Every structure is written in structure tokens, then in C-alpha cells.
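Here are the chains, one letter per residue:
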Amino acid sequence: LGKDSTADYIEVDELEKVPQSEQKKWEKDQMASAVFKFGAKDVKKTDDYELLLEDQIDFIQALQMPGSSEKKVPEISDVQKKKLTIEETKKSLPIYPFKDDLIAAVKEYQVLIIKGETGSGKTTQIPQYLHEAGFTADGKKIGCTQPRRVAAMSVAARVAQEMDVKLGNEVGYAIRFEDCTSERTVIKYMTDGTLHREFLSEPDLQSYSVMIIDEAHERTLHTDILFGLVKDIARFRPDLKLLISSATLDVTKFSEFFDDAPVYQIPGRRFPVDIYYTKAPEADYVDACVVSILQIHVTQPLGDILVFLTGQDEIETCHELLQDRVRRLGSKVKELIILPLYANLPSDMQAKIFEPTPPGARKVILATNIAETSLTIDNIIYVIDPGFAKQNHFNSRTGMESLMVVPISKASANQRAGRAGRVAAGKCFRLYTAWSYKHELEECTVPEIQRINLGNAVLMLKALGINDLVHFDFLDPPPHETLVLALEQLYALGALNHHGELTKLGRRMAELPVDPMMAKMVLASEKYKCSEEIVTIGAMLSVNGAIFYRPKDKIIHADTARKNFYHMAGDHLSLLNVYNQWRDSDYSLQWCYENFIQHRSMKRARDVREQLVNLMQRVEIEMVSGIDETDNIRKAITSGYFYHIARFSKGGSYKTVKHNQSVTIHPNSALFETLPRWVLYHELVFTTKEFMRQVIEIESKWLLEVAPHYYKAKELEDSTNKKMPKTVGRSKMTD
Ligand code: CDP
Ligand code: MG
């Protein structure tokens, strides 16, 4: 590997190999998966066998034994050596032999729980089967929800290709800010959030004959709420077929929730996966990933590698490190194709993931959680799992929501490992110890509904006329205090009156596909006569992906370029500067390049902005510019984000006003050095401490102007040491 770098590498044989386990479990698994299960009674039986598998360390090992199902279905690894036509590929999927049976089951039962190994063909095939079986004959659509944007887009593209139609015609997708469907669309993939929103315009889902709630095991907030909504609809629309599709082992809960709906199990096909653990915890797992990738590349037979990282930033860092080291190795090693995969990846780059690896080369995919179950990439033989994922966490005590990197659950770890055994025997390298797997990882990931801010969900449910949220049919109810806090927030924002009913403002807020705070900000721009600017700022904040580009070899140039956009009032206005200058350059790519701006993020901001402008028409807000009025712009922002206020405390640190929590301005902020007395932040990101990202300076008296029912003059006095009252002010609201 070259003298200079050898010291960096952990040896593969340093990784502890876990002992093999008994054949019985595997046989039992095969038997269990070869039978179809109908009715909750049978499901219980499935459960027993799952309990057997609960000693999860042995789980994947258990799959090492040769099983009977391999005889039934052709070995995909052999099949794939030849170039398969689309038709052949479809036929090689585990779900294919059960096509007619599945259609018959859908015809017989209104609600069906589908359970099958990731990659068996649930998402791409079932809608096609049902389409062919005539479920779209009466002009109705088949809908299929996905928790992730990229999955919805990518799967729709794949199905369009399989059906040989243009994406957006018969097969389309809809995600937030983007609708790629038409009058002709009969198979529609969408995010769960998009379907949630469709309920507003079509509360009975009349245009659908089948609705598939896919990836149910992911338990996103939207998916969880959809369960309650579709269950309700199914009662008065007997013609609507509901499919709840899941990859996980435990579907009993779904079955019970849907009045003991039958479970249809697609037999799994998994090859053995050897699991390796590190002997000691890894201090820097990105670096450990790079090392492991190279180790595999140099010592192991060909086969693609899938690496799980937590987000775009990390993926880019890893990408650069890896590229750099591969370059230094030069022609000593085989070709290594490095491909990133994350939510904001442009679609042409997404497509590359699925292209076959050229002979003699190896592909390494650096992915977020999205590759855990939502997207199946063929030919993965090696998985590297550092054991972390990014999660949103909401603390109802402090009212703070923050994105942080947390250890994954055992269930996730096993899904990840399983990705290595889809086409042939594989290996999974866990960059944590066997001890921490056993003792530190939770069994399952906590459903989102129990850990994030519910403002958005509550607003949507209220807009659907569901007033009694405490008795809403939740699969798992959210914590009471989180629900109360969401109601309080919406009340403070003016979306609900003191009876908890939606106000006129609330109704308009629900029209906008953004969270309540941003919706309020956008609507407040009417009063402050700066809708043009606020819509731009809203779009830039919604892009999510990085706006600024910071290549390792040009850090100084990039930072200087970024500072040129800085606005002394704060980052929202810097973002406005970036957008307006880009617009003035006639949306030029060259301009982006020269200014170290990510062109694709800007293109997305432009799309989002366009959508927001259209929505402004719907809520009848005129687009006006107040460009020289940064106070007004900041007041409009404050109207929405008055929850996110911190005041300077000491030593560069800030305290949130209501709960006195310590927070710090992010080093990338324009205000990092100026440290104004009062700031508003867009979001908190927890790394080494709570960082406020996207910050503007505000005047405390604005808070009394925009949120008189939330702030009292006394708590905004400038005596820093004074204790703050804890309760939310409750004066009467006027609509
Ligand atoms: O939903 P499930 O995990 O059961 O499987 P799927 O997503 O329907 O995937 C079935 C097959 O389609 C896999 O072999 C995928 O690799 C392939 N696929 C693809 O080639 N391109 C996509 N964009 C999505 C899936
Ligand atoms: Mg799927």
C-alpha cells in the first residue's frame, strides 16, 4: 500500500471473526419463509421463529447454512454474470414466482401486510403486477409511498424503464416541490409526506384504487400518521386496496393495527454474510472506513463495497480522502470507482449507482441510511458499517429540536449487514466491537413520532378536520407532552385559536408544504412587504444540501469567496446575496464555479423558489420586493422563528431565551466573530456542542411586535443573569 500509508491501516485479521452458529436456525428460517401466512394466528407463529433469531450476533451467521429455497429460485449471481434483459431480470426477482398468488390475495383481502427481504422486488414489481391485473382499468391509480425522496424518484425511474414508458407519463413520482406525473399516470410513487398532503385536496383518495404504504418498518412520522388515515378511509371505501409493505421481521404490530390483516410473506433469499467487528472502538470512523475500503480493495476478491455514513458532508470527506489515497497508490491497485449516494444527489448521479461495474474494477458506494432498505444496489459483497446515523431529536422539555449523529439499532445493523448477502456470500465489517453491538445498541430504532417535533403533523391533521388528536388512531402514540407542546407552538404562531381550532392564518399555513415556522415566516412577508426576499430565503433554507463548496485543496479561496457574500445582519441575508447575485449572473454555472457555490444546490433552490411563488398566488400574497429593508426581512423571519431566539451570555456562548440552554454560533456563520446581543437561529446541529446554524441578529423589541402572546417585556430585559419564567404566555389570540 505504499510506505507512507501502511501505518494507517487496521489489518483485516485484526478484526475479530464471530463464531459460526448452528444449522438449525437457518433451516427453520427457510421453512418459515417457505409458507405463506394468513391471519394473525399464523403471524404469531412467525414471531416465535423471530424470537429464536433474536440472538442477533448469530443471526447473519445463521444464514450461512445452505438452505432449501435456493433450489426453487435461480441463483442470481450466476444469472447476473450474463447480461440480463429487463424481462429476465424481472423474472429473477424472488417475488416473481408469487405474482399470481399475490394478485389473488390482493383481490381477496382489502388490507394486506406484505413482508419480504429488501431487494425481493416489492417496491418495483407489486405496482406493475397490480397494473397488469387490471387495478388501473377504471382510470384509477396505484399509489406507493416512500419515506425518502431519492427512493421515490429512483424507483419510479426504474419502473418506467421496465415498462418502457417515459418517466412522468404512465409512471411518475411526486415529492415535495416536484411533481413528475401527468394525466396519464397510473403508477405513482411519492414520499409519505406528499401523500399526507394529498389528503388535503382529496380526503378519500378517490383517484386511487390501490395504496401501498411501503417501507412501513421505517416508521417515519408521516408513515405513522398515514397508517391512521388510510385505515380510516378503508372503512368507508371498500373498493380501495391497502398494502402495507415492510422489510422488517416484526409485522405483527401492523397486522394487529389493521384489524388482524393477513400477512403475505415473500420468501427471503439471502446468502451467508460473515460479520467482523473491530477489537477496539474506532476514534475516527470516517478514516477507519477509508482504511477498510482500501484493505478490502487490496486483499479481497472483486465485488462491490457499500459503506454507510451519516450524511452528505461525511460522504464528501470520505470521498476526498479515499480519492487522494487511491491516487497515491496509482497503478498498483485495480480501478476503484467511488460513488456517493445521499438524499440531495442529482438524478444523473443516482443513475450511476445502478450501472454495472466494468470488468476488473470495483465499485464503492458511500451512502447514507438510504441504502439500508429503501434502495437495493445489486452485487454488493462487502458492507462497511460504522454504526451511526443522523437523527432528528426533539426535547419537549427544552423545546429544542436538533439533528445529531446517534448509534444505530441492532435491527438497522442487521439490515445493513444483509445488504452484503443479496447476490452471493458476503462480508460485513462493523467498525465497532462485538461487545458494543451486544450491550450498547438498542433493539430497534425509536419511531420518529416519539422523538421529533409534531408541529407540522398536528397542523396537517387539524387542517384535515381531525381535532381530537389525543384519540387519533396512532400505531404508537406520541408522548403527551410533545403533542401539547406542538399545540402550544401552533397557538403561539397564530395557527390555532384558544379553543385549539385552526385559524384563517393556520389554514393558509397548512397550504404551504413547509414546517409551520417557515410557513408563518413566508406569510408574514405580506405584512412586511418583502415577499420576494423571504421566498428566496425560504428556498435557500429548504435546499438542505450544502450551498458553499469547500474543496480541500482550495480552502482559503473558498472561504474568502464565502466571506464575500457575508451580510452583517446575518446568514439568511448572506444566502439572499448568493441567490440574487447568481440570478444576476443569469443563473450561470461559471459564476457558481468561480464563487465556490454548488450549482446543483442553487438549481434546486431555484425550483423550490418557483414552487413557493406559485403557492403564494394560491394564498393570495403579492410578490413585492423590499430589498433595502433588511429590518423588515428580519422581522418577517422573526415572525416565524421567534422560538429560536438566544441572547449573548458570556465567553462567546449564548443562552436560549425561554429555557436558558447553552448554544453557540456555528463557525461558518457571518456572525461568528461579531457576536450580537440577540440572535435568531434557523436550526441547531449537535456535534461537539449545540451549534446554531444560519443566524441573524435581531432586536429584542421585535419579539414583542411579532409574538406578543409568547414574549413578555420582562423576559426581554437586558439583565443577563435574570431567571426566565418557564411557562408560555397565554393571552387571548385574535385571528
Ligand atoms: O422493494 P424491495 O426492496 O423488495 O425491492 P425493489 O426495490 O423492488 O428492487 C428490486 C430490484 O430492482 C433490485 O434488484 C434492484 O437492484 C432493482 N432496482 C434497480 O435496478 N434500480 C432502481 N432504481 C431500483 C431497483
Ligand atoms: Mg422497497
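Procedures and definitions
- Residues numbered from 1 in each chain as written.
- Chains lettered and ligands numbered in written order.
- Predicted model: local features only at pLDDT ≥ 70, side-chain atom pairs only at ≥ 80, totals over all residues.
- Helix = DSSP H or I, 4+ residues; strand = E, 2+ residues; numbered from the N terminus.
- Buried ≥ 20, exposed ≤ 12 C-beta atoms within 10 Å, placed from the backbone.
- Contact = placed C-beta atoms within 7 Å.
- Near = placed C-beta within 6 Å.
- Nonpolar A, V, L, I, M, F, W, Y, C, P; charged D, E, K, R; others polar.
- Axes fitted to C-alpha atoms, helices over the stretch in contact; angles between N-to-C directions.
- Parallel < 35°, antiparallel > 145°, perpendicular 65-115°, else oblique.
- Core = buried A, V, L, I, M, F, W, Y, C linked by C-beta atoms within 7 Å.
- pLDDT = per-residue confidence, 0-100.
- Pairing = 2+ DSSP bridges.
- Right-handed = clockwise from strand over helix to strand, strands pointing away.
- Expected span 1.5 Å × (residues − 1).

1. A word on the overall build of the protein chain
Right, so step 1: Along its length, the protein chain carries 29 helices and 22 strands.
Right, so step 2: A buried classification covers 47% of the 735 residues belonging to the protein chain.
Right, so step 3: Long-range pairs, those at least 24 residues apart, make up 74% of the contacts in the protein chain with a sequence separation of at least 6.

2. Section: helix 21 (residues 504–511)
Right, so step 1: Regarding helix 21, the residues found buried are Gly506, Arg508, Met509 and Ala510.
Right, so step 2: Residues of helix 21 that are buried sit in contact with helix 11 (192–201), helix 19 (455–463), helix 20 (480–493) and helix 22 (516–527).

3. What about the site of ligand 1?
Right, so step 1: By nearness alone, 17 residues border ligand 1, and Lys122, Thr123, Thr124, Ser154 and Arg158 come closest of all.
Right, so step 2: Of all elements in the fold, only helix 9 (122–132) and helix 10 (149–162) reach the threshold of two or more residues within the shell around ligand 1.
Right, so step 3: Partitioning the shell around ligand 1 into residue classes produces 4 nonpolar, 10 polar and 3 charged.

4. Considerations on the packing of helix 21 against helix 22
Right, so step 1: For the pair helix 21 and helix 22, the least separation of the axes is 9 Å and the interaxial angle reads 110°. Judged on the interaxial angle alone, helix 22 and helix 21 are roughly perpendicular. Contacts between helix 21 and helix 22 involve Leu505, Arg508 and Met509 on the former and, on the latter, Pro516, Ala519, Lys520 and Leu523.
Right, so step 2: The residue inventory of the contact of helix 21 with helix 22, partitioned by class, reads 5 nonpolar, no polar and 2 charged.

5. A closer look at the nonpolar core
Right, so step 1: Ile113, Ala156, Ile293, Val307 and Val679 are the most contacted members of the largest nonpolar core, which has 192 residues in total.
Right, so step 2: Residues contacting isoleucine 113, with those up to four places away along its chain left out, are Ile244, Val251, Phe254, Ser255, Phe258, Ala261, Pro262, Val263 and Tyr264.

6. Some details on the confidence of the model for the protein chain
Right, so step 1: Summary statistics for the protein chain give a mean pLDDT of 83 and a share of 85% for residues scoring 70 or more.
Right, so step 2: Within the model, the stretch residues 1–82 combines pLDDT values under 50 with 117 contacts to residues more than four positions away or in other chains.
Right, so step 3: For the stretch residues 720–735, pLDDT sits under 50, and the model shows 25 contacts to residues farther than four places along the chain or on other chains.

7. Here's the deal with unusual backbone geometry
Right, so step 1: One non-glycine residue, aspartate 164, lies in positive phi territory at about 55°.
Right, so step 2: When you line up the elements, aspartate 164 lands in the loop between helix 10 and strand 4 (171–175).

8. Some points on the sheet that holds strand 9 (residues 263–266)
Right, so step 1: Taken together, the 8 strands give an open sheet; going across it, the order is 5-4-6-3-7-8-2-9, and neighbouring strands pair in mixed fashion. Of all strands in the sheet, those bounded by a partner on one side alone are strand 5 (178–180) and strand 9. Across the sheet, the mean angle separating the axes of adjacent strands is 20° when strand polarity is ignored.
Right, so step 2: Strand direction decides the pairing type here: strand 7 (residues 208–213) and strand 8 (residues 241–246), joined by 4 bridges, are parallel.

9. Focus on the packing of helix 19 against helix 20
Each pair of packed helices can be summarised by the angle the axes make with each other and by the distance between the axes.
Right, so step 1: Contact geometry for helix 19 and helix 20: axes closest at 9 Å, N-to-C directions at 75°. Considering their axes alone, helix 19 and helix 20 lie roughly perpendicular with respect to each other. Contacts from Gly455, Val458 and Leu459 in helix 19 reach Ala486, Leu487, Gln489 and Leu490 in helix 20.
Right, so step 2: By residue class, the composition of the contact of helix 19 with helix 20 is 5 nonpolar, 2 polar and no charged.

10. Quick notes on the pairing of strand 13 (residues 362–367)
Right, so step 1: Among the 6 residues in strand 13, 6 count as buried, and that is most of the element.
Right, so step 2: The side-chain alternation of strand 13 yields two buried faces, one formed by Arg362, Val364 and Leu366 and the other by Lys363, Ile365 and Ala367.
Right, so step 3: Here strand 11 (residues 304–308) pairs with strand 13 via 4 bridges, running parallel. Bridged to valine 307 within strand 13 is leucine 366.
Right, so step 4: Here strand 12 (residues 336–341) pairs with strand 13 via 6 bridges, running parallel. Its bridge partner lying in strand 13, isoleucine 338 is registered against valine 364.
Right, so step 5: Crossover connection from strand 12 via helix 16 (residues 347–353) to parallel strand 13: handedness right-handed.

11. As for the environment of glutamate 715
Right, so step 1: Position of glutamate 715 among the secondary structure elements: in the segment after helix 29 (700–706).
Right, so step 2: Sequence separation of glutamate 715 and lysine 658 is 57 residues, and the distance between their C-alpha atoms is 8.4 Å.

12. Topic: helix 25 (residues 571–584)
Right, so step 1: For helix 25, spanning 14 residues, the distance from its first C-alpha to its last is 20 Å, which sits close to the expected 20 Å at 1.5 Å a residue.
Right, so step 2: Within the span of helix 25, buried status applies to Asp571, His572, Leu573, Ser574, Leu575, Leu576, Val578, Tyr579 and Trp582.
Right, so step 3: Among the residues trailing helix 25, aspartate 586 stands out with phi positive, at a value near 65°.

13. Focus: the environment of asparagine 456
Right, so step 1: Along the polypeptide, asparagine 456 turns up in helix 19.
Right, so step 2: The sequence separation of asparagine 456 and methionine 509 amounts to 53 residues, and the corresponding C-alpha distance is 9.9 Å.

14. Notes on the environment of aspartate 100
Right, so step 1: Locating aspartate 100 in the fold gives a position in helix 8 (residues 99–108).
Right, so step 2: Separated by 488 residues in sequence, aspartate 100 and serine 588 place their C-alpha atoms 53 Å apart.

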